[in-house]
Amino acid sequence: MKPQRLHKIIAACGLASRRGAERLIKEGRVAVDGQIVTSQGLMVSLQSSTVTVDGQTVASPQPLAYYMFHKPKGFVTTLSDPQGRPTIRDFLLHLSVRVFPVGRLDLDVSGLLILTNDGELATRLMHPSSLVPKVYRAKVIGKPDKSFTDLLSSGNLIIGGKPAAPAKATIVKSGPDKGYVELTLTEGRRHQVKLMCAAAGHPVAILKRISYGGLPLPEDLPSGNLRPLDDDQIKTLKGLVGLD
Ligand code: URA
């Protein structure tokens, strides 16, 4: 294994982005063979050296892994929950590598989550400037009409005291007291779809994410199941954030 820059090793282990790793080094939280390193750019071979972050050994970098996961509702998007609620970790125990969710879906929301240990890609995808498109299918209360979708796509809807970025919205089906709407968002604020739909007069009853970064949730991927991303899918995600 060739020597690599220290911040790259930390990022490759999924602990932080490269920039985050540089910060850890600057803050004096990283040691090589027991010696704290605060200068950037040190070349380290993991064959002969031990790297620790906050005193914990950084294992040899694992191979990078990328999955799509069909999250069921009723599970928190985290690997451990202080309140003891079921988490998505329950579905990952058979994996030989540790992967982390890219962003999150609410407890009561189902659908596509990307999981990876590629810290650099995950950090970039989650950054607000990346404008990654996310498509949701929402069942809403009441009969949504064009004024509802116009409002969602207007950029004038205020949520959390700030205008929500315009969302592309189309009505898929509409009955007398419920409707199904598809929304494409490039913003990723907490509870964003629920807040936008409620602010536009039709609260969400059921929400599912059906696409992330141009990758659709496969119809044959059952709830609670994982599937590795293929090379093209990894390339698609990397391309969105300038890592190609
Ligand atoms: N919008 C929401 O309201 N909840 C989610 O989980 C994702 C988007």
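Everything here concerns the structure above.
The model shown is predicted, which means the values in this text are computed figures rather than measured ones.

Student: Go over the environment of Arg 89 with me, naming the residues and quoting the values.
Tutor: Relative to the assigned elements, Arg 89 resides in the loop between strand 7 (66-71) and strand 8 (100-101). By relative accessible area, which is 39% here, Arg 89 ends up partly exposed. Separated by 10 residues in the primary sequence, Arg 89 and Leu 79 have C-alpha atoms spaced 5.0 Å apart.

Student: Give a description of the site of the ligand that names residues and reports values.
Tutor: The full set of residues close to the ligand is Leu 105, Asp 106, Val 109, Tyr 136, His 191, Gln 192, Val 193, Lys 194 and Leu 207. Taking His 191, its main chain carries an N or O atom lying 3.2 Å from an oxygen atom of the ligand. The contact in question runs from a nitrogen atom of the ligand to an N or O atom on the backbone of Val 193, over 3.1 Å. When isolated, the ligand has an accessible area of 240 Å², and the protein chains bury 95% of it. Comparing atom positions with the cavity grids shows the ligand to sit within the largest pocket. Each of domain 2 (66-129 + 215-240) and domain 3 (133-212) contributes no fewer than three residues to the shell around the ligand.

Reading the values: rules and limits
- Residues numbered from 1 in each chain as written.
- Predicted model: local features only at pLDDT ≥ 70, side-chain atom pairs only at ≥ 80, totals over all residues.
- Heavy atoms only, no water.
- Helix = DSSP H or I, 4+ residues; strand = E, 2+ residues; numbered from the N terminus.
- Buried < 20%, exposed > 50% of the residue type's maximum accessible area, 1.4 Å probe, protein only.
- Near = heavy atom within 4 Å.
- Polar contact = N/O pair within 3.5 Å; in protein donor to acceptor, adjacent residues only side chain to side chain.
- Areas by Shrake-Rupley, 256 points an atom, 1.4 Å probe, with all protein chains shown as cover.
- 1 Å grid on protein atoms, 1.4 Å probe; cavity = no way out; pocket = protein on both sides within 12 Å on 5 of 7 lines; lining within 4 Å.
- Sits in = over half its atoms within 2 Å of the grid points.
- Domains from an automatic or database assignment.

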